[in-house]
Amino acid sequence: MSNSTFEKIYNVVKQIPRGKVATYGQVALLAGNPRWARVVGYALHVNPDPENIKCHRVVNRNGEVSKAFAFGGENMQITLLGEEGVEVIDGKVDLSIYQW
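Residues numbered from 1 in each chain as written. Predicted model: local features only at pLDDT ≥ 70, side-chain atom pairs only at ≥ 80, totals over all residues. Heavy atoms only, no water.

Visitor: When you look at the packing of aromatic side chains in this model, what are you seeing that I'm missing?
Guide: We describe a pair of aromatic rings using the distance from one ring centre to the other and the angle between the two ring planes. Under the definition given, this model contains two aromatic pairs. For the pair phenylalanine 6 and tyrosine 10, a centre-to-centre distance of 6.1 Å together with 70° between the ring planes defines the contact as edge-to-face. Here the residue phenylalanine 6 and the residue tyrosine 10 both occupy positions in helix 1 (residues 3–15), the gap between them amounting to four residues, near one helical turn. Owing to a relative accessible area of 4%, tyrosine 10 belongs among the buried residues under this scheme. Plain terms: the ring middles of phenylalanine 6 and tyrosine 42 are 5.9 Å apart, the flat faces sit at 55° to each other, and that makes the pair tilted. With phenylalanine 6 in helix 1 and tyrosine 42 in helix 3 (residues 37–45), this residue pair connects regions lying 36 residues apart in the sequence. Using a relative accessible area of 14% as the deciding quantity, one classes phenylalanine 6 as buried. Overall, the relative accessible area of 49% leaves tyrosine 42 in the partly exposed class. (Phe/Tyr/Trp six-rings, centres within 6.5 Å; stacked < 30°, edge-to-face > 60°. Helix = DSSP H or I, 4+ residues; strand = E, 2+ residues; numbered from the N terminus. Buried < 20%, exposed > 50% of the residue type's maximum accessible area, 1.4 Å probe, protein only.)

Here it is in structure tokens:
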């Protein structure tokens, strides 16, 4: 994948508001290709700027947090979401409430 692909993905993730989440597929669609869901996962795993690219706001299509969250595991993702007011129950976010 090209740097421009990752840049498109990062630009979408930067837009997810505090207290909301998006799915990998949703980010892929908004970045320009609905088939990029796995690419989104890879791009977030190598996120060069987690301070500004809030990858903890991206969950899978079922609202589940990542077991392999790149910056401290699933517990860190749950902690970061909780600090923004997103409730995570049994590793899952209710998308009907929190999806952007």
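Resuming the write-up.
Visitor: Hey, could you run me through the nonpolar core in this one?
Guide: For soluble globular proteins, nonpolar side chains are generally found buried alongside one another. In this structure, Ile9, Val13, Val27 and Leu44 are the most contacted members of the largest nonpolar core, which totals 18 residues. At the level of elements, helix 1, helix 2 (24–31) and helix 3 are the ones that each hand at least two residues to this core. The residues contacting valine 13, other than those within four sequence positions of it, are Val27, Leu44, Ile53, Lys54, Cys55 and Val58. Residues Val21, Val59, Val93 and Tyr98 belong to the second largest nonpolar core, which totals nine residues. (Core = buried A, V, L, I, M, F, W, Y, C linked by side-chain atoms within 4.5 Å. Contact = heavy atoms within 4.5 Å.)

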